[in-house]
Amino acid sequence: MNKNIEKLFQLASKSERTIVGLMSGTSLDGLDIVLCKIIGSGRNTKIELLQFETISYEENFRQEIKTIFSRRDVDLEKICLLNSYVALQHAAMVNECLKKWNCNKNEIDLIASHGQTIYHAPKFMHQQEKFSNATFQIGDGDHIAFKTGIITISDFRQKHIASGGEGAPLAAYGDYLLFSKLGEDRIMLNIGGISNFTFLPGNGDAKKIISTDVGPGNTLMNAFVQQYFTGIDFDKDATIAKQGKINAELLIALKQNSFFEKTFPKTIGPELFNLNYLKEAQQKSETISISKEDVMATLNRFTADCIADAINQINSSNSNFTIYISGGGVHNSLLIENIKSQLPNCNIKSTNDLFVNADAKEAVLFALLANECVCGNGIEIGEGLTQIPNVSFGKISFPN
Ligand SMILES: Nc1ncnc2c1ncn2[C@@H]1O[C@H](COP(=O)(O)OP(=O)(O)OP(=O)(O)O)[C@@H](O)[C@H]1O
Ligand SMILES: [Mg+2]
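Parameters at a glance
Residues numbered from 1 in each chain as written. Chains lettered and ligands numbered in written order. Predicted model: local features only at pLDDT ≥ 70, side-chain atom pairs only at ≥ 80, totals over all residues. Helix = DSSP H or I, 4+ residues; strand = E, 2+ residues; numbered from the N terminus. Rg over C-alpha atoms; globule rule 2.2 N^0.38 Å. Contact = placed C-beta atoms within 7 Å. Core = buried A, V, L, I, M, F, W, Y, C linked by C-beta atoms within 7 Å. Buried ≥ 20, exposed ≤ 12 C-beta atoms within 10 Å, placed from the backbone. Domains from an automatic or database assignment. Near = placed C-beta within 6 Å. Nonpolar A, V, L, I, M, F, W, Y, C, P; charged D, E, K, R; others polar. Pairing = 2+ DSSP bridges. Axes fitted to C-alpha atoms, helices over the stretch in contact; angles between N-to-C directions. Left-handed = near helix turned anticlockwise from the far one by under 90°. Parallel < 35°, antiparallel > 145°, perpendicular 65-115°, else oblique.

(A) Highlighting the overall build of the protein. Helix and strand content of the protein: 14 helices and 12 strands. Computed over its C-alpha atoms, the radius of gyration of the protein comes to 21 Å, within 12% of the 21 Å expected for a compact globule of 400 residues. A fraction of 74% describes how many contacts in the protein between residues 6 or more apart in sequence connect residues 24 or more apart.

Put into structure tokens, the structure is as follows:
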């Protein structure tokens with residue numbers, strides 16, 4: 001037997017695996033790196049988060065990605081170059097972390113690498129009949145495997161599309177395996193660049209699980225701050241938004257998009273929610289000249305409303321759902337207040353309350369998908385295969 005396949009067979013047969021999970025989202029803030037021990041698989045999965053670190057991207061790295069990120073007019077050579085470059089940067093960050101954690105590479109079974117999304121094109125956005133949903137992550141898995149010496153599973157989103165989905169959100173599988181709880185209706189809400197949630201019904205009926213994007217997370221607020229406030233990447237602790245007041249006309253205009261009429265599940269990206277989206281809403285509502293602080297206050301409220309409205313859609317009877325928030329948005333106190341004020345019957349917590357660091361959760365979920373790729377036997381959830389397809393995710397790269 002080929003040695004690589006033999007090794008894969010051995011690690012798939014173990015009762016527990018040590019997996020490095022890597023996540024880099026649309027905020028382009030940095031690479032989240034987790035080290036976790038995953039015991040078992042499927043419904044019997046248990047996880048221990050051993051280490052977590054976010055390595056912030058250096059400005060020139062971020063700028064390189066921005067030359068192609070969610071743009072339609074890019075240099076094809078640049079995509080080609082960045083596909084390996086992002087992988088090499090990520091591999092170096094993994095090597096650095098493992099060293100810092102005093103971790104011997106032989107003890108690591110797998111790396112789960114999400115890669116860097118550079119374009120997300122569900123059919124709703126590209127509107128071209130003959131083409132399917134599409135999404136594109138760069139940061140080639142072979143390069144990561146070779147440079148780290150560790151078997152790497154990457155490019156998780158393509159199988160989701162191949163089997164009828166939109167390539168996102170993929171959180172439903174891990175959310176179900178780790179956080180489903182009889183007796184508690186749970187919403188696992190991630191506020192990254194985009195906001196998405198998984199609804200986990202407390203009656204344990206896996207068919208009723210819903211997983212969807214709901215609208216912008218930090219993406220619009222980040223884009224605005226980066227454009228109009230020099231030297232800062234995001235509205236830390238909502239300092240700017242707190243100085244402004246919500247503009248009702250602009251808020252109404254921001255909500256006028258057919259994305260919000262679409263039924264769940266649906267996905268979206270900064271290809272829609274960007275500065276151009278804001279500009280059009282400002283033009284429509286004749287609010288071009290309002291202060292930057294007022295724009296920020298309104299964007300903050302808009303982001304919260306997208307989340308609260310979507311949750312209210314599945315909680316029409318106003319039950320007391322418990323919402324567990326993860327992602328960087330959890331640190332935006334005004335955003336959380338705005339969400340809370342509109343969901344008075346819900347308990348709002350963070351995944352820290354479930355012993356998974358809110359900033360590490362997405363990376364943990366990809367480690368879990370890698371675990372399922374090598375030794376899981378499918379996860380059947382949601383109504384209908386095209387919504388939450390029951391397939392394995394990821395491509396396997398060997399180090400040599
Ligand atoms: N203290 C803070 N106050 C306000 N916002 C914060 C704070 N800390 C982080 N954030 C926001 O969180 C963002 C990063 O979130 P996160 O890393 O979850 O997003 P992401 O990398 O885009 O991942 P995803 O794939 O989930 O979209 C930052 O860009 C910033 O907007
Ligand atoms: Mg991030």
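Moving on, there is more to tell.
(B) Examining the nonpolar core more closely. Grouped together as the largest cluster of nonpolar side chains are 110 residues, with contacts concentrated most on A112, V364, A367, L369 and A370. It is helix α12 (residues 292–314) that provides the largest number of residues to this core, a total of 11 residues. Two domains each provide a minimum of three residues to this core, namely domain 1 (3–170 + 359–397) and domain 2 (179–354). Look past the residues within four positions of A112 in its chain and what remains in contact with it is I19, V20, G21, L22, I153, F366, A367, L369 and A370.

(C) Here's a closer look at the site of ligand 1. In the vicinity of ligand 1 lie 20 residues, with G25, S27, G192, N218 and G328 positioned nearest. Class assignment for the residues of the shell around ligand 1 results in 2 nonpolar, 13 polar and 5 charged. Split by domain, the residues of the shell around ligand 1 number at least three in each of domain 1 (3–170 + 359–397) and domain 2 (179–354).

(D) Spatial organisation of the sheet that holds strand β8 (residues 194–200). Reading across from one edge, β9-β8-β7-β10-β11 is the order of the 5 strands in this open sheet, with mixed pairing throughout. Both edges of this open sheet fall to β9 (210–216) and β11 (347–350), since each of them pairs with a single strand only. Averaged over all pairs of adjacent strands, the angle between their axes in this sheet comes to 25 degrees, without regard to strand direction. Pairing analysis gives 4 bridges linking strand β10 (residues 322–326) to β11, with the strands arranged parallel. Each residue of the ladder has a partner; that of I323, found in β11, is I348.

(E) Examining helix α8 (residues 219–228) more closely. Counting buried residues in α8 gives 7 out of 10 residues, a clear majority hidden from the surface. Taken residue by residue, α8 has T219, L220, M221, N222, A223, F224 and V225 as its buried positions. Against β8, β9, α9 (239–243), α11 (275–284) and α12 lie the buried residues of α8.

(F) Up close: unusual backbone geometry. A168 connects to P169 through a cis peptide bond whose omega is -20 degrees. You can see P169 is positioned in the loop between α6 (157–162) and α7 (171–179). Cis rather than trans, the peptide bond between F264 and P265 has omega equal to -5 degrees. Summarising the element assignment, P265 is placed in the loop between α10 (248–254) and α11. Even without a glycine there, the phi angle at N102 is positive, about 55 degrees. Residue placement: N102 occurs in the loop between α3 (76–100) and β4 (110–121).

(G) View of the packing of α3 against helix α5 (residues 141–148). Running from amino to carboxyl end, α3 crosses α5 at an angle of 35 degrees, the nearest separation of the two axes being 8 Å. Crossing hand, α3 versus α5: right-handed. Counting all contacts with α3, which are made through S84, A87, L88, H90, A91, V94 and N95, the residues of α5 involved are H143, I144, K147 and T148.

(H) Broad picture of the pairing of strand β7 (residues 186–191). Buried residues dominate β7, accounting for 6 of its 6 residues. Taken together, the 6 bridges between β7 and β8 define a ladder with antiparallel strand orientation. Across the sheet, the residue bridging to L189 is F197, located in β8. Count of turn residues in the β7/β8 antiparallel hairpin: 2 residues. With 5 bridges joining them, β7 and β10 adopt parallel strand pairing. When the sheet's bridge partners are listed, R186 is paired in β10 with T322.

(I) Layout of the packing of α8 against α12. Closest axis-to-axis distance for the α8/α12 pair is 9 Å, and the angle between their directions is 165 degrees. Relative to α12, the element α8 is oriented roughly antiparallel. α12 is crossed by α8, and the crossing has left-handed handedness. Contacts between α8 and α12 involve L220, M221, F224 and Y228 on the former and, on the latter, K292, V295, M296, L299, N300 and T303. Across the contact of α8 with α12, the residue classes tally to 7 nonpolar, 2 polar and 1 charged.

(J) Broad picture of the domain arrangement of the protein. Structurally, the protein comprises domain 1 (3–170 + 359–397) and domain 2 (179–354). Facing 24 residues of domain 1, the contacting portion of domain 2 comprises 27 residues. Looking at the side of domain 1 that touches domain 2, the elements with two or more residues in it are β4, α4 (123–126) and α14 (361–375). If one sorts the elements of the side of domain 1 that touches domain 2 by residue count, β4 sits on top with 3 residues. Here the residues of the side of domain 1 that touches domain 2 are counted per class, giving 9 nonpolar, 8 polar and 7 charged.

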